[in-house]
Amino acid sequence: MSPTQPLTLVIATRESRLALWQAEHVQALLRARGHTVSLLGMTTLGDQILDRSLSKVGGKGLFVKELETALQDGRAQLAVHSLKDVPMELPEGFALACVMEREDPRDAFVSPRYASLDALPQGAVVGTSSLRRQVLLQALRPDLRIEPLRGNLDTRLRKLDEGQYDAIVLAAAGLMRLEMSERIRARFEPAQMLPAAGQGALGIEVRADRQDIIDALAPLAHMPTWLTVTAERAVSRCMGGSCSMPLAAYGRFEGDTLHMDAAWGDMEGSKGLVRVQASAPVTDFASANAQVRYPAGVLEPAALLEAVSRAGYRAQLAADDAPSRAPASEGSGRWLLLSVLFSLPFVLEMLAMLGGRHGLIPPLWQWALATPVQFLVGWRFYRGAWHSLRGGG
């Protein structure tokens, strides 16, 4: 089918005011290109569960599963998402077919009484359910009370206006799209509060076998945004990023060079905020995607450093993190311990599969054989990571 041939399309969308604006925006652009487009409003599980944080009930996938089901059974042909709400790995059979030009990616400070975060009194209540925002807010103002805040944009603003919070933090892009910029008292610069991967960008998901729709969406794509958010999501993917992890990643282009900033914070506050930076030429998706993969859960600075180093270029710890580097004698033992812990599941899984399926390796021998493999594989990896952390070549 020719990419220019008109199509009849249905967009699956959540029914919040912001989600409908996003779907109607894409609908108008496709109609202007001759396509017939209607909307299918849906309520997702994420919209229904409002009494618990996303990290405790299933993460970002709660906002897209029902929409993907509509794509799978043919009730709809595409779904429009806020890209920061899309899981880092799409289910098999689905594709991110288009990323549109990014709106302001920054976080917004919203308050009826206070002009900025600095103006809040000690002990003021700030609402957000984003673990990323919680950690970054705590780093900026450890004296504040950070309380959960769920619901769509209008619900969150209503709770603020009712006096349940002194201030809340929202994505600036959503407020701007709904022409509510006047509610923004201040915008956090990325140096203060690093945005989430994909924040401010819209992504369009389709079934991977619908090449005709992928072709129809091509004119809507904005390649600089797409390459940037691809790199951001690659950083998050390498770290096992999800709603249960306080991870930020933000890229920006200068010519053909993509500058990437990433941050990870410990929810317990025991490790402090880790921030890293890296830069490299990026001209296609291959150079935007990270070339390394790490097991989910390895949340040490060296792994984050390597995760933002794609295609061989180096990342350096920010100067304000330099004092937190562990001495070599302490760090070497820690990396060795981590190598054992995090390589163990993968080795045992492989051996258990061989032994269980073919009866070759009894369970006790699985443990005995796993130990040298852990050291050979895990220690070699972490030795390189520790060397990078200390500034070696």
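About the thresholds
- Residues numbered from 1 in each chain as written.
- Predicted model: local features only at pLDDT ≥ 70, side-chain atom pairs only at ≥ 80, totals over all residues.
- Heavy atoms only, no water.
- Pairing = 2+ DSSP bridges.
- Helix = DSSP H or I, 4+ residues; strand = E, 2+ residues; numbered from the N terminus.
- Axes fitted to C-alpha atoms, helices over the stretch in contact; angles between N-to-C directions.
- Contact = heavy atoms within 4.5 Å.
- Phe/Tyr/Trp six-rings, centres within 6.5 Å; stacked < 30°, edge-to-face > 60°.
- Buried < 20%, exposed > 50% of the residue type's maximum accessible area, 1.4 Å probe, protein only.
- Arc of directions from axis to C-beta.

Asks: So what exactly am I meant to see when it comes to the pairing of strand 11 (residues 247–254) here?
Replies: For a regular strand, side-chain orientation follows a simple rule: the groups alternate between the two sheet faces. For strand 11 and strand 12 (residues 257–265), the ladder comprises 8 bridges, and the chain directions are antiparallel. Across the sheet, the residue bridging to Tyr 250 is Asp 261, located in strand 12. Hairpin remark: strand 11 followed by strand 12, antiparallel, with 2 residues in the connecting loop; positive phi at Gly 255, about 65 degrees.

Asks: How should I be thinking about the environment of Ala 278 in this particular structure?
Replies: In this fold, Ala 278 is placed in strand 13 (residues 273–281). Linking Ala 278 and Met 260, residues 18 residues apart in sequence, is a C-alpha distance of 5.2 Å.

Asks: So what exactly am I meant to see when it comes to the sheet that holds strand 1 (residues 8–14) here?
Replies: In sheet architecture, strand pairing relies on hydrogen bonds along the backbone and comes in two forms, parallel and antiparallel. The 5 strands lie next to each other as 2-1-3-10-4, forming an open sheet whose pairing is mixed. Unpaired on one side and paired on the other, strand 2 (36–42) and strand 4 (94–99) mark the two borders of the sheet. Ignoring which end each strand starts from, the neighbouring axes of this sheet average 30 degrees apart. In this sheet, strand 10 (residues 202–207) lies alongside strand 4 in antiparallel orientation, the contact comprising 5 bridges. Residue pairing for strand 10: Val 99 is matched across the bridge by Gly 203. Contacting strand 1, strand 2, strand 3 (78–82), strand 4 and strand 10, helix 4 (residues 65–72) runs over the sheet at an angle of about 40 degrees to strand 10.

Asks: I'm lost on the packing of aromatic side chains in this one. Help?
Replies: Here the distance between the centres and the angle between the planes together describe a pair of aromatic rings. One pass over the structure, following the stated rule, counts 2 aromatic pairs. Residues Trp 226 and Phe 285 carry aromatic rings whose centres are separated by 5.2 Å and whose planes lie at 70 degrees to one another, so their mutual orientation is edge-to-face. You can see Trp 226 sitting in helix 9 (residues 223–238) and its partner Phe 285 sitting in helix 10 (residues 285–288), a full 59 residues away along the chain. By relative accessible area, which is 14% here, Trp 226 ends up buried.

Asks: Just to check I follow, could you spell out helix 4 for this structure?
Replies: Owing to its 3.6 residues per turn, the α-helix brings residues three or four apart onto one side. Those residues of helix 4 that fall on the buried side of the exposure criterion are Leu 67, Glu 68, Ala 70 and Leu 71. Down the axis of helix 4, the smallest arc covering the buried residues is 155 degrees, so these residues share one side. Packed against the buried residues of helix 4 are strand 1, strand 2, strand 3, strand 4 and strand 10. Immediately beyond the C-terminal end of helix 4, within one or two residues, lies Gly 74, with a positive phi of roughly 90 degrees.

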